[in-house]
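What the coordinates show
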Amino acid sequence: TIRENVKFAPSYGRYKVYIIDEVHMLTTEAFNALLKTLEEPPEHVKFVFATTDPNKLPATIISRCQRFDFKRISFKELCESLEAIAGKEKIKVDQDAIYAIAKAASGSFRDALSILDQIAALSGQAIKGDDVYHMLELVEMDLLFSMVDALGAGDCTQALQIFDSIVDKGKDVKQLNKDLIEHFRHLMIIKLAGSSVAKIKEMGRLVDYP
């Protein structure tokens, strides 16, 4: 157990580092058992507690820790990083693919790299936007714009035809609903606050919508 192993000095290096991921999932009994070690930790031991829900941690644990809050990476930085990595790996990735990967990653650098790696394995050394949309079952941005245009013009026939084309491509209707809601949200914010809004501006081609 951790309480027993912390007593021993590291076989190499200065510290023994214990990383507990999703630490908020520990039971009350487990926290109580760990508390004594946290109160008087050996000099050669460091604990790293990672969690996505710090509010669930007992106050007795939080008071004995130094807290660091990690933020999601910005859309722009994520795109730039993906472009740099693709360049070093000699993978050709078009701009649509970069945008789609960054959007799907939702600020997670690890998820973005995972998606890029998976698509590169399937698509070879040339990745296009369609490859990303197909693998992640996302609805292409052009189709979202076209459907919004049809709905805005009151052209139900055109809207239904676009819907049929989306379904024919094997897209999940629930995902379409999610993408449309997000798309309408962006357009609403642009209409109310203008395209200079930083968060919306990061979404790439969305700001080009008249």
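A brief look at the structure comes next. All figures in this text were calculated on a predicted structure; none of them were measured in a lab.

Observations concerning the overall build of the protein
If you tally the helices and strands in the protein, you get 11 helices and 4 strands. Here the C-alpha atoms of the protein give a radius of gyration of 24 Å, more than 25% beyond the 17 Å that 2.2 N^0.38 yields for 210 residues. C-alpha atoms of the protein, sized along the principal axes, occupy 70 × 40 × 35 Å. For the protein, the residues scored as buried account for 32% of the 210 residues in total. A fraction of 62% describes how many contacts in the protein between residues 6 or more apart in sequence connect residues 24 or more apart. Looking at the protein as shown, the accessible area adds up to about 14,100 Å², and 54% of this sits on carbon and sulfur atoms. Side chains of the protein give 27 positive and 31 negative charges; the mean places of these two sets differ by 7 Å.

Focus on the environment of L138
Take L138: it is sitting in the loop between α7 (129–136) and α8 (141–152). You can call L138 buried: its relative accessible area is 13%. Each C-alpha atom of the pair L138 and L187 lies 19 Å from the other, and the pair is 49 residues apart in sequence. Apart from residues no more than four positions distant in its own chain, L138 is found in contact with A100, A104, Y133, K171, Q175 and D179.

Notes on the packing of α8 against helix α9 (residues 156–168)
As a packed pair, α8 and α9 sit with axes 8 Å apart at the nearest point and diverge in direction by 155°. Judged by the angle between their axes, α8 and α9 are roughly antiparallel. You can see that α8 and α9 cross each other, and the crossing is left-handed. Here L143, S146, M147, A150 and L151 of α8 come into contact with α9, specifically with Q158, A159, I162, F163, S165 and I166. For the contact of α8 with α9, the class distribution of residues is 8 nonpolar, 3 polar and no charged.

A short note on the pairing of strand β2 (residues 45–49)
Across the two faces of β2 the burial differs, with V45, F47 and F49 buried and K46 and V48 not buried at all. Two strands pair when backbone bridges link them, and strand β1 (residues 16–20) and β2 are joined in this way by 5 bridges, in the parallel orientation. By the bridge assignment for β2, K16 is matched with V45. Regarding topology, helix α2 (residues 28–39) serves as the crossover connection from β1 to the parallel β2, and that connection is right-handed.

Some points on the side chain of H24
Along the chain, H24 turns up in the loop between β1 and α2. Within polar-contact distance, the side chain of H24 engages the side chain of T51 at 2.7 Å. Setting aside chain neighbours within four positions, we find H24 in contact with F31, T51, T52, D53, K56 and L57.

Some remarks on unusual backbone geometry
Not every positive phi belongs to a glycine, and E22 is a case in point at roughly 50°. One non-glycine residue, K90, lies in the positive phi region at around 60°. Checked against the element boundaries, K90 lands in the loop between α4 (75–88) and β3 (92–93).

Topic: the packing of aromatic side chains
Tallied over the entire structure, the rule returns 3 aromatic pairs. Ring centres 5.9 Å apart and planes at 40° place the aromatic pair F47 and F49 in the tilted group. Ring geometry for F75 versus Y99: centroids 5.9 Å apart, planes at 20°, classification stacked. With F75 in helix α4 and Y99 in helix α5 (residues 95–105), the pair connects residues that are 24 residues apart, well separated along the chain. You can call F75 buried: its relative accessible area is 10%. A residue is classified by how much of its surface remains accessible, and Y99, at 26% relative accessible area, is partly exposed. Ring pairing ties together the aromatic residues Y18, F47 and F49, which thus form one cluster.

Conventions we followed
- Here, residues in each chain are numbered from 1, in the same order as that chain's written sequence.
- Confidence filtering applies because this is a predicted model: local features only for residues at pLDDT of at least 70, side-chain atom pairs given and counted only at 80 or more, and all residues used for totals across whole chains, interfaces and linings.
- With hydrogens and water stripped out, all remaining heavy atoms of the structure feed into the side-chain values.
- In this text, helices come from DSSP runs of H or I with a minimum length of four residues, and strands from runs of E with a minimum of two, each type numbered from the N-terminal end.
- As defined in this context, the radius of gyration uses C-alpha atoms, and a globule is described by 2.2 Å times the residue total to the power 0.38.
- Relative accessibility under 20% of the residue-type maximum defines a buried residue, over 50% an exposed one, and the middle range a partly exposed one, all with a 1.4 Å probe and only protein chains included.
- Residue contacts follow a heavy-atom distance rule, with two residues in contact if any of their heavy atoms lie within 4.5 Å.
- Note on areas: Shrake-Rupley, 1.4 Å probe, and residue coverage restricted to the protein chains presented here.
- Here Asp and Glu are counted as negative and Lys and Arg as positive; His is not counted, and neither are the chain ends.
- Here the site of a charge means NZ on Lys, CZ on Arg, CG on Asp, or CD on Glu.
- Here the axes come from fitting lines to C-alpha atoms, over the contacting stretch only for helices, and the angles between their N-to-C directions go from 0 to 180 degrees.
- When an angle is under 35 degrees it counts as roughly parallel; over 145 it counts as roughly antiparallel; between 65 and 115 it counts as roughly perpendicular; any other value is oblique.
- Here is the rule for handedness: rotate from the far helix to the near one, and if that takes an anticlockwise turn smaller than a right angle the crossing is left-handed, while a clockwise turn gives right-handed.
- Classes in brief: Ala, Val, Leu, Ile, Met, Phe, Trp, Tyr, Cys and Pro nonpolar; Asp, Glu, Lys and Arg charged; the others, Gly included, polar.
- Strands are labelled as partners when DSSP assigns at least two bridges between them.
- A clockwise course of the path from the first strand over the helix to the second, judged with the strands pointing away from the viewer, identifies a crossover as right-handed.
- Nitrogen and oxygen atoms within 3.5 Å of one another constitute a polar contact, given that in protein one can donate a hydrogen and the other can accept it, and given that sequence-neighbouring residues count only through two side-chain atoms.
- The criterion for an aromatic pair is that two Phe, Tyr or Trp rings (for Trp, the six-membered ring) have centres within 6.5 Å, with stacked assigned to planes under 30 degrees apart, edge-to-face to planes over 60 apart and tilted to the rest.

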